[in-house]
Amino acid sequence: MLDLSGKQALVTGASGDIGRAICRLLAARGAEVGIAYFSDHERARATAAELEALRGRAPSVFRVNFGDTASSEAFVKAVCAEFDRIDVLVHAAASGVFRGVHELTARHLDWAMDVNARSLFSLVQGLIQAGPERGSLLARGASIVALSSLGAVRAIPQYAAVAASKAALEAIARQLALELGPAGVRINVVSPGLVPTRALEHFPNRAHLVEVASSRTPLGRLTTPEDVANVVGFLCSDAAAMVHGQTLHVDGGYSVVG
Ligand SMILES: NC(=O)c1ccc[n+]([C@@H]2O[C@H](COP(=O)([O-])OP(=O)(O)OC[C@H]3O[C@@H](n4cnc5c(N)ncnc54)[C@H](OP(=O)(O)O)[C@@H]3O)[C@@H](O)[C@H]2O)c1
């Protein structure tokens, strides 16, 4: 049921720790995985090398800046040229500054909204409008998973820009669930707890965040990239055939504690 053999997958944010763990899991389950990244060539190469070792051939690698409309459009075109079908789309790319509301500029907010939320909308729209002859690249039975965070539904210090973008991402995913369901395409959101990745380096108060997350998580430890990847893999499999339009928190119970 968790076998993904023969599936064609595309993972954005694949140079990040969570994106890479997702790529690794999808490939280990038998999927061919294309990867997208933004600026970190070395880490993208490392992800590609892991995939090549697992699958025996080099994956398709795309570079995209979701903060730039032309780059986003070129990315969708390149994906449509490379793939005849996408069975699994995982959107893990994210960016944004961590500042209080009084320090944020409209540009900061626009960047987070574009990279984290508009990207999902334009990527899915581009894939379902791949061309008049080809129709949608998202085949019946395809599964989309977008990565959100608790900030979509809770207030977190310094997190306003990313929080707003993740709330928008979850709203877009719900709308897509309604509109893509009849075509047999599922979409779900995975919302991890604090995962000690490179992303945390940008949090001004990271030591405090790690301490709070560690001490308040009922299951007693921080979430790992592999914890997140396992749930993404499940959502992309036939075992989750009737899971649609949901947000799954993968956080050891952190989000239910009052
Ligand atoms: N880490 C956590 O505690 C945590 C908690 C909850 C949710 N999440 C979510 O999980 C996902 C992965 O997080 P992570 O910790 O692995 O983050 P990360 O290490 O910062 O990775 C972010 C990824 O997004 C890509 N990216 C950044 N800006 C981009 C842009 N303008 N256009 C296209 N791609 C861009 C990065 O590419 P380059 O590196 O190549 O620039 C990288 O591959 C994100 O959606 C994040 O919000 C993380």
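Cut-offs applied
- Residues numbered from 1 in each chain as written.
- Predicted model: local features only at pLDDT ≥ 70, side-chain atom pairs only at ≥ 80, totals over all residues.
- Helix = DSSP H or I, 4+ residues; strand = E, 2+ residues; numbered from the N terminus.
- Rg over C-alpha atoms; globule rule 2.2 N^0.38 Å.
- Buried ≥ 20, exposed ≤ 12 C-beta atoms within 10 Å, placed from the backbone.
- Pairing = 2+ DSSP bridges.
- Axes fitted to C-alpha atoms, helices over the stretch in contact; angles between N-to-C directions.
- Contact = placed C-beta atoms within 7 Å.
- Core = buried A, V, L, I, M, F, W, Y, C linked by C-beta atoms within 7 Å.
- Parallel < 35°, antiparallel > 145°, perpendicular 65-115°, else oblique.
- Left-handed = near helix turned anticlockwise from the far one by under 90°.
- Nonpolar A, V, L, I, M, F, W, Y, C, P; charged D, E, K, R; others polar.
- Near = placed C-beta within 6 Å.
- Right-handed = clockwise from strand over helix to strand, strands pointing away.

S.K.: Summarise the overall build of the chain; cite the residues concerned and give the values.
M.R.: Helix and strand counts for the chain come out as 7 helices and 7 strands. For a compact globule of 258 residues, the expected C-alpha radius of gyration is about 18 Å, and the chain comes in at 17 Å, within 12% of that figure. Along the longest, intermediate and shortest principal axes, the C-alpha atoms of the chain span 50 × 40 × 40 Å. For the chain, the residues scored as buried account for 45% of the 258 residues in total.

S.K.: Which residues make up the sheet that holds strand β1 (residues 8-12), and what are the values?
M.R.: The strand order across the open sheet built from 7 strands is β3-β2-β1-β4-β5-β6-β7, with neighbouring strands paired in parallel fashion. The open sheet has two edge strands, β3 (61-63) and β7 (247-250), and neither has a second partner. Taking the axes of each pair of neighbouring strands and ignoring which way they run, one obtains an average angle of 20° across the sheet. In the packing of helix α2 (residues 41-55) onto the sheet, contacts are made with β2 (32-37) and β3, and the angle to β2 comes to roughly 175°.

S.K.: Kindly report on the nonpolar core, identifying the contributing residues and their values.
M.R.: Residues Val11, Ile22, Leu26, Val88 and Val232 are the most contacted members of the largest nonpolar core, which totals 72 residues. Ranked by the residues each element gives to this core, the list is headed by helix α5 (residues 160-180), at 8 residues. Once you skip the residues sitting within four places of it in the chain, Val11 turns out to touch Gly19, Ile22, Cys23, Val33, Ile35, Ala36, Val90 and Ala92.

S.K.: With reference to specific residues and values, describe the packing of helix α4 (residues 106-128) against α5.
M.R.: Across the interface, α4 lies against α5 with an axial gap of 8 Å and an inter-helix angle of 15°. In terms of axis orientation, α4 runs roughly parallel to α5. As α4 runs across α5, the sense of the crossing is right-handed. Contacts between α4 and α5 involve His108, Leu109, Ala112, Met113, Asn116, Ala117, Leu120, Phe121 and Val124 from the first element and Ala161, Val162, Ala164, Ser165, Lys166, Ala168, Leu169, Ile172 and Leu176 from the second. A class-by-class count of the residues in the contact of α4 with α5 yields 14 nonpolar, 3 polar and 1 charged.

S.K.: An account of the site of the ligand is requested, with residue identities and associated values reported.
M.R.: Among the 30 residues in the neighbourhood of the ligand, the closest are listed as Gly13, Gly16, Phe38, Ala94 and Thr197. Classifying every residue of the shell around the ligand by side-chain character gives 16 nonpolar, 10 polar and 4 charged.

S.K.: Hey, could you go over the pairing of β2 for me, with residue numbers and the actual values?
M.R.: The buried fraction of β2 is high, at 6 of 6 residues. What you see with β2 is no split at all: Glu32, Gly34 and Ala36 on one side and Val33, Ile35 and Tyr37 on the other are buried throughout. Here β1 runs beside β2; their pairing, made up of 4 bridges, is parallel. For Gln8, the partnering residue across the bridge sits in β2 and is Glu32. Handedness of the β-α-β unit built from β1, helix α1 (residues 17-28) and β2 comes out right-handed. Note: β2 against β3, 3 bridges, orientation parallel. Its bridge partner lying in β3, Ile35 is registered against Val61. Between β2 and its parallel partner β3, the chain crosses via α2, and the hand of that crossover is right-handed.

S.K.: Describe the environment of Ile128, listing the residues and the values that go with them.
M.R.: Inspection of the secondary structure assignment puts Ile128 in helix α4. Once the C-alpha coordinates of Ile128 and Leu138 are considered, the two residues, 10 residues apart in sequence, prove to be 6.1 Å apart. Discounting chain neighbours no more than four positions away, the residues touching Ile128 are Ser136 and Leu138.

S.K.: Describe in detail unusual backbone geometry, supporting the description with residues and values.
M.R.: Negative phi is the rule for most residues except glycine; trans is the rule for most peptide bonds. Here Gln158, not a glycine, exhibits a phi torsion of approximately 70°, which is positive. Of note, Gln158 is situated in the loop between β5 (138-147) and α5. The class of Gln158 is buried, set by 20 C-beta atoms lying within 10 Å.

S.K.: Any details on the packing of α1 against α2? Residues and values, ideally.
M.R.: One way to put it is that α1 packs onto α2 with a least axis distance of 10 Å and a crossing angle of 10°. In terms of orientation, α1 and α2 fall into the roughly parallel class. Along its contact with α1, which presents Arg20, Cys23, Arg24, Ala27 and Ala28, the element α2 presents Thr47, Glu50, Leu51, Leu54 and Arg55. When grouped by side-chain class, the residues that make up the contact of α1 with α2 number 5 nonpolar, 1 polar and 4 charged.

Nothing here speaks to function; it is geometry throughout.
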